[in-house]
Amino acid sequence: MSYTFSAWMPTLMAYHHVPAEIIGVITASFAFIGLPISIFLPQLLVVFKQRGKSLLIWSAGLCGIIAAGMLFIQNTSSITFWMTESLLIGYAIGVFFHI
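Residues numbered from 1 in each chain as written. Predicted model: local features only at pLDDT ≥ 70, side-chain atom pairs only at ≥ 80, totals over all residues. Heavy atoms only, no water.

**Points about the overall build of the protein**
Then step 1. Secondary structure summary: the protein contains 4 helices and 0 strands in total.
Then step 2. Counting from the amino terminus, the protein carries its helices and strands in the arrangement α-α-α-α.
Then step 3. Once the C-alpha set of the protein is aligned to its principal axes, its extents read approximately 45 × 25 × 20 Å.
Then step 4. Within the span of the protein, comprising 99 residues, buried residues form 30% of the whole.
Then step 5. Of the contacts made within the protein by residues no fewer than 6 positions apart, 74% connect residues no fewer than 24 positions apart.
Then step 6. As presented, the protein carries roughly 6,400 Å² of accessible surface, and 74% of it is formed by carbon and sulfur atoms. (Helix = DSSP H or I, 4+ residues; strand = E, 2+ residues; numbered from the N terminus. Buried < 20%, exposed > 50% of the residue type's maximum accessible area, 1.4 Å probe, protein only. Contact = heavy atoms within 4.5 Å. Areas by Shrake-Rupley, 256 points an atom, 1.4 Å probe, with all protein chains shown as cover.)

Here's what the structure looks like:
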């Protein structure tokens with residue numbers, strides 16, 4: 001999913017007339033959302049009990065489902081829409097990569 005996002009999302013944003021500078025910022029935010037997850041999640045997984053891990057998995061799954069649903073209504077050049085899409089996918093991918 002990470003490679004798919006990196007390859008296709010800039011093209012989709014450009015198709016919907018999002019400025020190139022903003023596309024770069026949104027793509028960078030996708031990469032940067034994974035940084036704190038990569039740093040803190042391994043330690044949290046050691047501390048969390050089964051319920052905490054389940055909650056983490058459910059939250060990442062819900063973010064992934066919301067992001068997938070948003071792709072069906074992507075006919076917009078809204079920066080907020082694309083930034084939200086980026087952060088939701090980045091969070092879901094980051095969590096599922098480490099679990």
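Don't stop here, the text continues.
**A word on the side chain of Glu85**
Then step 1. Examined against the element boundaries, Glu85 turns out to sit in helix α4 (residues 79-98).
Then step 2. If we ignore the near neighbours within four places in the chain, the residues touching Glu85 are Met9, Ala67, Met70 and Leu71.

**Concerning the environment of His16**
Then step 1. Relative to the elements of secondary structure, His16 occurs in the loop between α1 (2-15) and α2 (20-47).
Then step 2. It is 29 Å that separates the C-alpha atoms of His16 and Ser59, two residues lying 43 residues apart in sequence.
Then step 3. Apart from the residues within four sequence positions on either side, His16 is in contact with Gln74, Asn75, Thr76, Ser77 and Trp82.

**Thoughts on unusual backbone geometry**
Then step 1. The residue His17 is not glycine, and still its phi comes out positive at about 65°.
Then step 2. Position of His17 relative to the elements: it lies in the loop between α1 and α2.

**Describing a nonpolar patch on the surface**
Then step 1. Taken together, the side chains of Phe32, Leu35, Ile39, Phe40, Leu44 and Phe48 present a nonpolar region at the surface, about 600 Å² in accessible area.
Then step 2. Relative to the elements of secondary structure, Leu35 occurs in helix α2.
Then step 3. We classify Leu35 as partly exposed; its relative accessible area is 48%. (Patch = residues over 30% accessible without salt bridge, like charges linked within 9 Å, V, L, I, M, F, W, Y side chains within 5 Å. Salt bridge = Lys/Arg side-chain N within 4 Å of Asp/Glu carboxyl O.)

**Some remarks on the confidence of the model for the protein**
Then step 1. Of all residues in the protein, 100% have pLDDT values of 70 or greater, and the mean over the chain is 92.
Then step 2. Looking over the protein, one finds the lowest element-wise mean pLDDT in α1, namely 90, and the highest in helix α3 (residues 50-70), namely 94. (pLDDT = per-residue confidence, 0-100.)

**Notes on the packing of α3 against α4**
Then step 1. Remark: α3 packs on α4, axes separated minimally by 8 Å, with the N-to-C direction vectors making an angle of 145°. The handedness of the crossing between α3 and α4 comes out as left-handed. Contacts between α3 and α4 involve Leu56, Ile57, Ser59, Ala60, Gly61, Cys63, Gly64, Ile66, Ala67 and Met70 from the first element and Phe81, Thr84, Glu85, Leu88, Ile89, Tyr91, Ala92, Val95 and Phe96 from the second.
Then step 2. Residue composition of the contact of α3 with α4, by class: 14 nonpolar, 4 polar and 1 charged. (Axes fitted to C-alpha atoms, helices over the stretch in contact; angles between N-to-C directions. Left-handed = near helix turned anticlockwise from the far one by under 90°. Nonpolar A, V, L, I, M, F, W, Y, C, P; charged D, E, K, R; others polar.)

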